[in-house]
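If you want the building blocks of each chain, they are given just below.
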Amino acid sequence: MPTRYGLLKATLDISGKLSPPEPVGFGTWVRADRAPESWDAAIIALRLTDATTPAVDAADLGAMLLLAQAYDPGAPHEDVRALAGLDPRSADVLRTLVEADSIRSAAAELGMHHSTVQARHESLTHMLGYDPRSNVGKIRYIAAALLLRLTDPITPGRSKVR
């Protein structure tokens, strides 16, 4: 099927028993008259695959699927632009800060001194305009990280949706 991301292969599976080669994005299970919605969801799921997650089921995205469907990659939100502007080390520090239980545990995982990580946290908070360790900040980071993955062009080799 031709898409804005190039040609993608599609399989309509009513058995649920097919195991397509990876990477693969699975659409939502819907009635036949809503197949285009499933196709769109499958493309989003495919765009979210990577080396560590070669298969993504759109149904697993829950409410995040609605966010992804409403997203216009041509006009990324400022949170997405902020993440896109980070160098790889800062992006890793930010991800670790969001996922860790504490600054100290983030520092241990990163192999950095806790005061250095605390300073990076303060710098990132200032740069982002929100605290990525707060509950709302974690939500903003997670949403922006998801949308950033949808902003990048599809990578070669990604060709299967279901």
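Up top you'll find the structure we're talking about.
Computed from a prediction, not measured in an experiment: that's the story for all the values here. (Residues numbered from 1 in each chain as written. Predicted model: local features only at pLDDT ≥ 70, side-chain atom pairs only at ≥ 80, totals over all residues. Heavy atoms only, no water.)

Regarding the overall build of the protein
Selection criterion: Only DSSP runs of H or I covering at least 4 residues are called helices, and only runs of E covering at least 2 are called strands; the numbering of each starts at the N terminus. A 1.4 Å probe rolled over the protein chains alone gives each residue an accessible area, and that area as a share of the maximum for its type sets the label: buried under 20%, exposed over 50%, partly exposed in between. By definition in these notes, contact holds between two residues if any of their heavy atoms fall within 4.5 Å. Surface accessibility in these figures is a Shrake-Rupley result with a 1.4 Å probe; residues are shielded only by whichever protein chains are displayed. His is not counted here, nor are the chain ends, while Lys and Arg score as positive and Asp and Glu score as negative. The atoms used to mark charge sites are NZ of Lys, CZ of Arg, CG of Asp and CD of Glu.
Each helix and strand counted, the protein has 7 helices and 6 strands in total. With the principal axes as the frame, the protein shows a C-alpha extent of 55 × 30 × 30 Å. Counting all 162 residues of the protein, 37% fall into the buried class. Partitioning the contacts of the protein with sequence separation of at least 6, the portion at a separation of at least 24 is 65%. Of the roughly 9500 Å² of accessible surface on the protein, a fraction of 57% belongs to carbon and sulfur atoms. Each charge sign in the protein was given a centre, from 18 positive and 19 negative side chains, and these centres are 3 Å apart.

Some thoughts on the pattern of salt bridges
So the rule is basically this: For this analysis, a salt bridge means a side-chain nitrogen from Lys or Arg found within 4 Å of a carboxyl oxygen belonging to Asp or Glu.
In the structure shown here, the tally under the stated rule is 7 salt bridges. Arg34 is the partner of Glu37 in a salt bridge, and the nearest nitrogen-oxygen pair spans 2.8 Å. Of the residues examined, Arg34 reaches a relative accessible area of 33% and is grouped as partly exposed. Linking Asp92 and Arg95 is a salt bridge whose minimum nitrogen-to-oxygen distance equals 2.6 Å. One end of the pair, Asp92, and the other, Arg95, are both in helix α4 (residues 88-99), 3 residues apart, so they sit about a helical turn from each other. Looking at Arg95, the relative accessible area reads 28%, which means it is partly exposed.

Quick word on α4
Put simply, the test is: Any helix carries an expected span of 1.5 Å times its number of residues minus one. We call two N or O atoms a polar contact when they sit within 3.5 Å, provided that within protein one can donate a hydrogen and the other can accept it, with sequence-adjacent residues counted only if both atoms are side-chain atoms.
Compared with an ideal rise of 1.5 Å per residue, which puts 12 residues at 16 Å, α4 spans 17 Å between its outermost C-alpha atoms and is within 8% of the ideal. Against α3 (78-84), α5 (103-110), α6 (114-128) and α7 (135-151) lie the buried residues of α4. N-cap assignment for α4: the residue whose side-chain oxygen lies 3.1 Å from the backbone N of Arg89 is Asp87.

Considering the side chain of Thr49
Mapped onto the elements, Thr49 comes out in the loop between α1 (35-47) and β5 (55-57). In terms of polar contacts, Thr49 uses its side chain to reach the backbone carbonyl oxygen of Leu46, at 2.7 Å.

Considering the packing of α4 against α5
Heads up, the rule is: For helices, the fitted line uses only the C-alpha atoms of the stretch in contact; every axis is such a line through C-alpha atoms, and the angle between N-to-C directions lies from 0 to 180 degrees. Note on terminology: angles under 35 degrees are roughly parallel, angles over 145 are roughly antiparallel, angles of 65 to 115 are roughly perpendicular, and the others are oblique. Here is the rule for handedness: rotate from the far helix to the near one, and if that takes an anticlockwise turn smaller than a right angle the crossing is left-handed, while a clockwise turn gives right-handed. Charged means Asp, Glu, Lys or Arg here, nonpolar means Ala, Val, Leu, Ile, Met, Phe, Trp, Tyr, Cys or Pro, and polar covers whatever is left, Gly included.
One can describe the packing of α4 onto α5 by two numbers: an axis separation of 9 Å at closest approach and a directional angle of 135°. When the axis of α4 is compared with that of α5, the two are oblique. Relative to α5, α4 is oriented so that their crossing is right-handed. From α4, Arg89, Asp92, Val93, Arg95, Thr96 and Leu97 reach across to α5, where they touch Ile103, Ala106, Glu109 and Leu110. The residue makeup of the contact of α4 with α5, split by class, is 5 nonpolar, 1 polar and 4 charged.

Geometric values such as these leave the question of function open.
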